[in-house]
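Structural characterization, general
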Amino acid sequence: KVLERLGLWFLVKMDKQKLVSLAKEYNTPLFVYDGDLIKQRYNEFFSFIPYNKLKVKYAMKANYNLAILKLLEQEGAGIDAVSPGDVHMALRAGFTSERILFTANKITDSEMDEVKSLNVLFNIGSLSRLRKFGKAFPGSEVCIRFNPDVVAGEHKFIRTGGEATKFGILLEKLEEVKSICKEYGLTVVGIHEHTGSGIPETVQMMKGMQNILGIIKQENFPGL
C-alpha cells in the first residue's frame, strides 16, 4: 500500500520474495530497478513515433543511476543533461558527446566554458545566455529553447510554459534571437520547448506544439 501511494506501481511486477532476498543480502534502504522494464518502456516510446530520423534523449535528472545510464546507452538512447556533472557522468557511462544535449538553464560562465570544452551541443533558453554564448563561441551550432506560451501540467509547480516561468525564450522575442545569432554567426540546429510535466490535457500539449511550429520556418532558421 505504501508503494502504491508513492506511485511505485511497477515494483509489484517484480517477485516479492526476490526483493526480500535482495534486502537481506544488501541491507536496507535498497533501490531495485527492473532493467527489462526500462528497456521495454524505452523501445515502446521509440516505436510510438514512426520517424526514421528519430532520436530519443533521456532526461538523466530523473535518475542518474550509472547502471541505468549504461543500459539506455546500449539501447541507443541519447542524454539530456542539465549540469556539467550530468555531462561528465554521461560520458563515463559511454555516451559520446554527439549524443548529449546540454540544456543550459541558469548556468554560470565557468559552467558554460566547461561544457563547451567537451564538444556538447547547447540548448539555450534565455536571451542573456545566448548573447554570452555567442560572444564566447562565435560561429557555433546551438539549439534554442522557446516558451510555448501554454500553461499545462499536473501541478502548478511543474507547469513550465507561459510568461511567468523561467523556461524558454518568449515567442515574441524571435527577432531578437535571430539578431543575436546573426551578430555572432550562430547556427540554430534545433528548436526545443518544455510545456510541463504530467500533462493530462492533450489539447494544451498540441497547442504548445502548434505555437512552436508556427515560428519554425526556413527564413527564420535555415540551419535546422
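Residues numbered from 1 in each chain as written. Predicted model: local features only at pLDDT ≥ 70, side-chain atom pairs only at ≥ 80, totals over all residues. Heavy atoms only, no water.

A separate point is the overall build of the protein. Per the secondary structure count, the protein includes nine helices and seven strands. Among the 224 residues that make up the protein, the fraction classed as buried is 36%. Here the analysis covers contacts within the protein between residues at least 6 apart in sequence; of these, 51% occur between residues at least 24 apart. Accessible surface, the protein as shown: approximately 13,800 Å² in total, 55% of it carbon and sulfur. (Helix = DSSP H or I, 4+ residues; strand = E, 2+ residues; numbered from the N terminus. Buried < 20%, exposed > 50% of the residue type's maximum accessible area, 1.4 Å probe, protein only. Contact = heavy atoms within 4.5 Å. Areas by Shrake-Rupley, 256 points an atom, 1.4 Å probe, with all protein chains shown as cover.)

Going through the model one piece at a time under the given rule, you end up with five aromatic pairs. Plain terms: the ring middles of F122 and F133 are 4.9 Å apart, the flat faces sit at 40° to each other, and that makes the pair tilted. Placement of F122 in strand β4 (residues 121–124) and of F133 in helix α7 (residues 127–136) is noted, with a sequence separation of eleven residues between them. Owing to a relative accessible area of 1%, F122 belongs among the buried residues under this scheme. Between F133 and F137, the ring centres sit 5.4 Å apart and the planes meet at 55°, which makes this aromatic pair tilted. For F137, a relative accessible area of 18% translates into the label buried. (Phe/Tyr/Trp six-rings, centres within 6.5 Å; stacked < 30°, edge-to-face > 60°.)

On to a nonpolar patch on the surface. Taken together, the side chains of F45, F48, I49 and Y51 make up a nonpolar region of the molecular surface, amounting to roughly 460 Å² of accessible area. Along the chain, Y51 falls in the loop between α3 (35–48) and β1 (57–59). (Patch = residues over 30% accessible without salt bridge, like charges linked within 9 Å, V, L, I, M, F, W, Y side chains within 5 Å. Salt bridge = Lys/Arg side-chain N within 4 Å of Asp/Glu carboxyl O.)

Attention now moves to the pairing of strand β3 (residues 100–104). Of all five residues making up β3, five are buried, and the element is well covered by its neighbours. Judged by which residues are buried, β3 turns out to be covered on both faces: I100, F102 and A104 on one side and L101 and T103 on the other are all buried. For strand β2 (residues 78–81) and β3, the ladder comprises three bridges, and the chain directions are parallel. Paired with D80 across the bridge in β3 is L101. For the crossover that starts at β2, traverses helix α5 (residues 84–92) and ends in the parallel β3, the hand is right-handed. Note on the crossover from β3 through helix α6 (residues 109–116) to β4: the handedness is right-handed. (Pairing = 2+ DSSP bridges. Right-handed = clockwise from strand over helix to strand, strands pointing away.)

What follows is about the packing of α6 against α7. At a minimum axis separation of 11 Å, α6 and α7 run at an interaxial angle of 55°. With respect to their mutual orientation, α6 and α7 come out oblique. Remark: the crossing between α6 and α7 carries right-handed chirality. Every residue of α7 that contacts α6 at D109, M112 and K116 is listed here: R129, K132, F133 and A136. Considering only residue class, the contact of α6 with α7 consists of three nonpolar, no polar and four charged. (Axes fitted to C-alpha atoms, helices over the stretch in contact; angles between N-to-C directions. Parallel < 35°, antiparallel > 145°, perpendicular 65-115°, else oblique. Left-handed = near helix turned anticlockwise from the far one by under 90°. Nonpolar A, V, L, I, M, F, W, Y, C, P; charged D, E, K, R; others polar.)

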